[in-house]
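# Residue-level structural notes
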Amino acid sequence: MGQRLVDKQGQQSQRMVIFGAIFLLMTLLILYSSNSGNDIYSPFRNSYHHIVKSTDLKKWAGKEGYVAVYGNKSMTLHCHECALVTSSSHILGSGVGDEIDRTECVIRMNDAPTSGFEQDVGNRSTVRVVAHSSVFRVVRRPSEFLNKTPDMVVVFWGPPTKIGKDAKGTLFRLIQRVSMTFSNLSSFTIAPSKMRKFDSLFQRETGRDREKSRSWLSTGWFTMVIAIEICDNIHVYGMVPPNHCSRRPQPKKMPYHYYKPRGPDECVTYLQNEKGRRGNHHRFITEKQVFARWAKLYNITFSHPKW
């Protein structure tokens, strides 16, 4: 009888230890989830003690970083005035299409169309910066994206394994075929060495290693840097400031892309990516914090909205 009592007390003690451990583990998980959910990804918070070391992008720029897809062309474009037209729906209703078209050079991104939106976004394109993930959508509509403007420059960016000359996939061959078909195009890919420089630039400007922080650079990041390289003055249309989505009261819901009215909400997209820890995410808000600093150094102005 006494032995049974001892065994029973031992089992109860084991259960108490197990329950205690489970309770402690659940408490820690709840606290961690709470802190992670409220922590906006921001390398400029004082807790990181990161001293920003701005890079002189005019010296950082290197024409050798652009590889001609076809022919012996080189990246020699230089513009005094540039209009960088974003894909944001904030530009809808602006009526600045004619103003954009009057600008010396017009820079666009990915598969953002002009047809049907000319009043707000204009019609001319001098440079189009295209991510590897958008190549198929762009080449499917050559009359819209590739053969609409004389002497157009297209810069394709992406991992060398996808768009490099030695890539095993079909993307580079597709880009090459398109470049051979349209004589008005000067097509370039970003060299692997320059892609690494873009990663280093992100770390230098934010204090975060791109790969370790699971960050994907956006087409906006590449486009802004390219614009700074080739333009003396840049007017950005449709880009919101870094604090836009954290304002109170909350801003009106706006589609992420002006040409996809039923697409995801812009701020929801920004915040989900900024807070994301699992998987890879664009850090749109972080990038805009960098752009705000660059604006003071490289003659960059913003409108629709103005900031």
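Residues numbered from 1 in each chain as written. Predicted model: local features only at pLDDT ≥ 70, side-chain atom pairs only at ≥ 80, totals over all residues. Heavy atoms only, no water.

Attention now moves to the overall build of the protein. A tally of regular secondary structure across the protein gives 12 helices and 10 strands. Out of the 307 residues belonging to the protein, those deemed buried represent 47%. Pairs at least 24 apart in sequence give 71% of the contacts found in the protein among residues at least 6 apart. Carbon together with sulfur atoms contributes 55% to the accessible area of the protein, which is approximately 16,700 Å² in total. (Helix = DSSP H or I, 4+ residues; strand = E, 2+ residues; numbered from the N terminus. Buried < 20%, exposed > 50% of the residue type's maximum accessible area, 1.4 Å probe, protein only. Contact = heavy atoms within 4.5 Å. Areas by Shrake-Rupley, 256 points an atom, 1.4 Å probe, with all protein chains shown as cover.)

In this section: unusual backbone geometry. Going from Arg248 to Pro249, the amide bond is cis rather than trans, its omega being -5°. On the secondary structure map, Pro249 appears in the loop between β8 (231–237) and α11 (266–275). At the junction of His304 and Pro305, the peptide bond is cis and its omega measures out at 5° in the coordinates. For Pro305, the location among the structural elements is in the segment after β10 (300–303). Residue Asn299 is not a glycine yet carries a positive backbone phi of 55°. As for its placement among the helices and strands, Asn299 is situated in the loop between α12 (284–297) and β10.

Here the largest pocket defines a volume of roughly 960 Å³. Lining the largest pocket are 41 residues, with Trp157, Leu217, Ser218, Thr219 and His282 sitting closest to its centre. Among the elements of the structure, α9 (192–206), α10 (219–230), α11 and α12 are those that each provide at least two residues to the lining of the largest pocket. Taken together, the residues that form the lining of the largest pocket break down as 18 nonpolar, 14 polar and 9 charged. Empty space within the second largest pocket amounts to approximately 380 Å³. For the lining of the second largest pocket, the secondary structure elements donating two or more residues are α11 and α12. Its residues assigned to classes, the lining of the second largest pocket comprises 9 nonpolar, 7 polar and 5 charged. (1 Å grid on protein atoms, 1.4 Å probe; cavity = no way out; pocket = protein on both sides within 12 Å on 5 of 7 lines; lining within 4 Å. Points joined across faces, edges and corners; volume = space filled by probe spheres on them. Nonpolar A, V, L, I, M, F, W, Y, C, P; charged D, E, K, R; others polar.)

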